[in-house]
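Letter by letter, the chains look like this.
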Amino acid sequence: MALLEIEDIHVRYGDMVALRGLDLTVEEGEVVCIIGPNGAGKSTTLAAVAGGVRPYKGEVRYDGKPILGMPPDRIAALGVSLVPEGRHIFGSLTVAENLVLGAYMRSDRAEIARDRERILALLPRLAERIDFPAGRLSGGEQQMLAVARAVMTRPRLLLVDEPSLGLAPRIVDQIYEILLELRKTEGLTLVINEQSSNRVLKFADRVNVLRAGEIRLAGTAAELADGEAIRHAYFGFEKAAPAAAAPIQTQAQSQGGAA
Ligand SMILES: Nc1ncnc2c1ncn2[C@@H]1O[C@H](COP(=O)(O)OP(=O)(O)OP(=O)(O)O)[C@@H](O)[C@H]1O
Ligand SMILES: [Mg+2]
């Protein structure tokens, strides 16, 4: 059974349609990336899973259970944690205090302390700055802190919204290496949003291209490695993707041509 199943979700903000029938399945232990331009619906997709927005149609199942309509804290308690776009760490609080906030739902103090030490062992730069105000960290360190804080909830599914934002390529690689290490040590499954596929293809198992609220292309990172099909789907060129790539199934096609 897949850990996460998103089935035909539709989301609207007022008159604005943000997702128009999105499907996505994530197996336990996978790293699945959603890439797409500004406004494609990437954050909305993660918010629909984490309980931040409520699709007016469709279904989301986590570990086989329907979670659509549950409040965010209940979904978090089931093991879903979101690293939000823009990190949202508390700049005037220390690194240690930010990590404590990540564990706010837990009461097992000894376990929390052990988790903190284990996570910090993977993040020596954060460990060295444990009593610094988080606002004084570099962008990359703040991203690491946002990830570490989310992992303090002991998730099974980590949703990471644009971890690369504003970071140099070398730092982005470090962030991904940490995410992959956490997958191993914490047994995480990852869904990661990015605006570009530049660095994603070498870290992800599967990639989905989202544009204007629909998945335009889905395939394994190996199938999409040359980037050609991704470019077509991303920019919405008319020409079909190369045969090696997974077929592009638009919502219009899956609904038999109805828009
Ligand atoms: N709270 C909101 N109210 C109204 N419209 C919204 C809201 N949040 C998102 N939208 C709109 O919904 C669409 C999808 O937005 P979303 O933030 O999910 O895209 P995104 O792919 O995450 O974009 P970005 O790469 O800029 O983060 C956009 O057109 C956006 O303007
Ligand atoms: Mg976004």
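Rules used in this analysis
Residues numbered from 1 in each chain as written. Chains lettered and ligands numbered in written order. Predicted model: local features only at pLDDT ≥ 70, side-chain atom pairs only at ≥ 80, totals over all residues. Heavy atoms only, no water. Donors = N, O, S within 2.8 Å, 3.2 Å for Na, K, Ca; no water. Helix = DSSP H or I, 4+ residues; strand = E, 2+ residues; numbered from the N terminus. Buried < 20%, exposed > 50% of the residue type's maximum accessible area, 1.4 Å probe, protein only. Near = heavy atom within 4 Å. Polar contact = N/O pair within 3.5 Å; in protein donor to acceptor, adjacent residues only side chain to side chain. Areas by Shrake-Rupley, 256 points an atom, 1.4 Å probe, with all protein chains shown as cover. Nonpolar A, V, L, I, M, F, W, Y, C, P; charged D, E, K, R; others polar. Axes fitted to C-alpha atoms, helices over the stretch in contact; angles between N-to-C directions. Left-handed = near helix turned anticlockwise from the far one by under 90°. Contact = heavy atoms within 4.5 Å. Pairing = 2+ DSSP bridges. Phe/Tyr/Trp six-rings, centres within 6.5 Å; stacked < 30°, edge-to-face > 60°. Lys NZ or Arg CZ within 6 Å of the ring centre and 35° of its normal.

Trainee: With reference to specific residues and values, describe the coordination of the magnesium ion (ligand 2).
Mentor: Looking at the metal site, the magnesium ion (ligand 2) is ligated by Ser43 (OG) and Glu85 (OE), spaced 2.0 to 2.1 Å from it. One end of the pair, Ser43, is in helix 1 (residues 42-50); the other, Glu85, is in the loop between strand 6 (80-83) and helix 3 (95-102), with 42 residues separating them in the sequence. Under the relative-accessibility criterion, Ser43 is labelled partly exposed at 30%. With relative accessibility at 33%, the residue Glu85 sits in the partly exposed group.

Trainee: So, the site of ligand 1: which residues are in play, and what are the values?
Mentor: Near ligand 1 there are 14 residues, and of these Asn38, Gly39, Lys42, Ser43 and Thr44 occur at the shortest range. Between ligand 1 and Asn38 there is a distance of 2.4 Å, counted from an oxygen atom to a side-chain nitrogen or oxygen. Between Ser43 and ligand 1, the recorded distance is 2.8 Å, taken from a backbone N or O atom to an oxygen atom. Protein contact buries 64% of the 630 Å² of open area that ligand 1 shows by itself. Counting residues per element, the ones that place at least two in the shell around ligand 1 are strand 2 (16-26) and helix 1. If you tally residues by element for the shell around ligand 1, the top one is helix 1, at three residues. The residue makeup of the shell around ligand 1, split by class, is five nonpolar, six polar and three charged.

Trainee: Any chance you could break down the packing of helix 3 against helix 6 (residues 139-151) for me, citing the residues and the numbers?
Mentor: For the pair helix 3 and helix 6, the least separation of the axes is 7 Å and the interaxial angle reads 35°. Viewed along their axes, helix 3 and helix 6 form a crossing whose handedness is right-handed. In contact with Val95, Asn98, Leu99 and Gly102 of helix 3, helix 6 contributes Leu145, Ala148 and Arg149. Here the contact of helix 3 with helix 6 is built from residues that sort into four nonpolar, two polar and one charged.

Trainee: Which residues make up the sheet that holds strand 2, and what are the values?
Mentor: With antiparallel pairing, four strands are arranged side by side in an open sheet as 2-1-4-5. The open sheet has two edge strands, strand 2 and strand 5 (65-66), and neither has a second partner. Bridge analysis of strand 1 (residues 4-13) against strand 4 (residues 57-62) gives five bridges, and the strand direction is antiparallel. Among the inter-strand pairings, Ile6 is bridged to a residue of strand 4, identified as Val60. Of the strands in this sheet, strand 1, strand 2 and strand 4 touch helix 1, which is tilted by about 115° from strand 1.

Trainee: Give a detailed account of the packing of aromatic side chains, specifying residues and quantitative values.
Mentor: Scanning all chains against the criterion turns up three aromatic pairs. Here the aromatic rings of Tyr176 and Phe203 are separated by 5.0 Å at their centres, their planes lie at 20°, and the arrangement is stacked. Of the two residues, Tyr176 is situated in helix 7 (residues 169-186) and Phe203 in the loop between strand 8 (189-194) and strand 9 (206-211); the sequence distance between them amounts to 27 residues. No difference in accessibility class separates Tyr176 from Phe203, as the two residues are buried. Taking 5.8 Å as the distance between ring centres and 25° as the angle between the ring planes, the aromatic pair formed by Phe235 and Phe237 counts as stacked. You can call Phe235 exposed: its relative accessible area is 52%. With relative accessibility at 47%, the residue Phe237 sits in the partly exposed group. Between Arg12 and the ring centre of Tyr56, over which it is positioned, the NZ or CZ distance is 4.2 Å. Between the NZ or CZ atom of Arg136 and the centre of the ring of Phe132, over which it lies, the distance is 4.8 Å.

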